Amino acid sequence: MEKEDLIDEIRKRFSADVESALETLGDQTLVVRKEGLVRLMSGLRDGPFDYAILLDLTCVDFLASENRFEMVYHVFSLNRNRRLRIKVSLPGEYPVVDSLTGLWKNANWLEREVFDMFGIGFMGHPDLKRILMYEGFEGHPLRKSYPWRKEQPLVPQKD
Amino acid sequence: MSGFDFLSTRFDTALGWARKFSLFHYPFITACCGMEYMSTACAHFDIDRFGAGLTRFSPRQADLLLVVGTVSHKLGPVLKTVYEQMMEPKWVIAFGACAVSGGIYQNYAAIQGIDRVIPVDIYIPGCPPRPEMVLDGLLKLQEKIQKQGQDWRWRKKT
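These numbers come from a predicted model, not from an experiment. (Residues numbered from 1 in each chain as written. Chains lettered and ligands numbered in written order. Predicted model: local features only at pLDDT ≥ 70, side-chain atom pairs only at ≥ 80, totals over all residues.)

Asker: A description of the interface of chain B and chain A should follow, citing residues and the corresponding values.
Answerer: On the chain A side, the residues contacting the 11 residues of chain B number 13 residues. Here the residues of the side of chain B that touches chain A are counted per class, giving three nonpolar, four polar and four charged. (Contact = placed C-beta atoms within 7 Å. Nonpolar A, V, L, I, M, F, W, Y, C, P; charged D, E, K, R; others polar.)

Following this line, the structure appears as structure tokens:
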């Protein structure tokens, strides 16, 4: 399947879940509705599309916009040597999205990192707690609303 | 022996001389400055020429703490514990811009200089510092050790 055919095929098969598709610098991106994320991802992993590997998942904070957070997923097909980016817009201050831990084991730690840094909740995650920051750390440091240079030291600091 | 029948010196001076040339150091290495530390420690620049060649990987056996690289707030308690485990007399070198001042990191994660957590004797700036700068810093520390009032077991505390 050629690149465009593949995207068309995905859009045809998951027409209810895919909002739009776009291409930036040769990279295909799908914008997906939050409710259909797990269904679409499991469809991409198995079957003809064969995106077997979840390379990365992360989040972007668009502070001023209506849908403040956007989850970004990167999947990779070993057999076809092909990448795909999936984006999900999330409204609200503390949004919740379905966890992908049921599909990919490595989503566990990646989602914990996003939870730690952005405060996004993951429905169905087996062990959602901070992974990088320490116990007692308040807030989520990569949010745009986190005060820059705000430190939360564990030992008393001398000046 | 001819021509060298006796040697007179102050006990402090002798002790300082012994101490400055037998620095057992504990490398607390967290980041890329570690490469420069390795370069300094190995044969090319050879820290052993100045009597600081014996690396101890236990703070209890070391008397010089080399803090090499960025120290995050999460690591702060660890650094303090390591320092407190070292026996007196002990000295600390802050190696590289991050250990000196936090360097390019000024955010939620990094301690803005290790002197906010433990006392520091010598600061070696640079990102990373050249091995020559490290040796220079070491010589400065030796000078400091030689000149400082030495503390020993039966010394009267003032």
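Asker: With reference to specific residues and values, describe the environment of Phe62(A).
Answerer: Residues and elements named next belong to chain A. Tracing the backbone shows Phe-62 in the loop between strand 3 (53-61) and strand 4 (69-77). The exposure class of Phe-62 is exposed, given the 12 C-beta atoms found within 10 Å. In the structure, Phe-62 is positioned 29 residues away from Arg-33 in sequence and 18 Å away in space, judged by C-alpha atoms. In contact with Phe-62, not counting residues within four places along its chain, are Arg-68 and Glu-70. (Helix = DSSP H or I, 4+ residues; strand = E, 2+ residues; numbered from the N terminus. Buried ≥ 20, exposed ≤ 12 C-beta atoms within 10 Å, placed from the backbone.)

Asker: Explain unusual backbone geometry residue by residue, including any values.
Answerer: Each neighbour pair has its own omega, and for Glu88(B) with Pro89(B) the value is -10°, a cis peptide bond. Mapped onto the elements of the fold, Pro89(B) is located in the loop between helix 3 (76-85) and strand 3 (91-95). The peptide bond linking Cys127(B) to Pro128(B) adopts the cis configuration, its omega dihedral lying at -10°. Here Pro128(B) is to be found in the loop between strand 4 (122-124) and helix 5 (131-147). Of note in this structure, Asp50(A) is not a glycine but carries a positive phi near 65°. Its place among the elements puts Asp50(A) in the loop between helix 2 (37-45) and strand 3. Unusually for a residue other than glycine, Arg149(A) sits at a positive phi of about 70°.

Asker: Summarise the packing of helix 1 (residues 11-20) of chain B against helix 5 of chain B; cite the residues concerned and give the values.
Answerer: All names here are of chain B. For the pair helix 1 and helix 5, the least separation of the axes is 8 Å and the interaxial angle reads 155°. It follows from the interaxial angle that helix 1 and helix 5 lie roughly antiparallel. When the axes of helix 1 and helix 5 are compared, the crossing they make is right-handed. Taken together, the residues of helix 5 that come into contact with helix 1 (itself represented by Gly-16, Trp-17, Arg-19 and Lys-20) are Gln-142, Ile-145 and Gln-146. Its residues placed into classes, the contact of helix 1 with helix 5 shows two nonpolar, three polar and two charged. (Axes fitted to C-alpha atoms, helices over the stretch in contact; angles between N-to-C directions. Parallel < 35°, antiparallel > 145°, perpendicular 65-115°, else oblique. Left-handed = near helix turned anticlockwise from the far one by under 90°.)

Asker: Let's hear about the pairing of strand 1 (residues 25-29) of chain B: which residues, and what values?
Answerer: Side-chain positions along a regular strand alternate between the two faces of the sheet. Residue and element names in this part refer to chain B. Both strand 1 and strand 2 (residues 64-68) contribute to a ladder of five bridges, which runs parallel. The partner of His-25 across the bridge, within strand 2, is Leu-64. Chirality of the crossover, the property in question, places the unit of strand 1, helix 2 (residues 33-41) and strand 2 among those that are left-handed. (Pairing = 2+ DSSP bridges. Right-handed = clockwise from strand over helix to strand, strands pointing away.)

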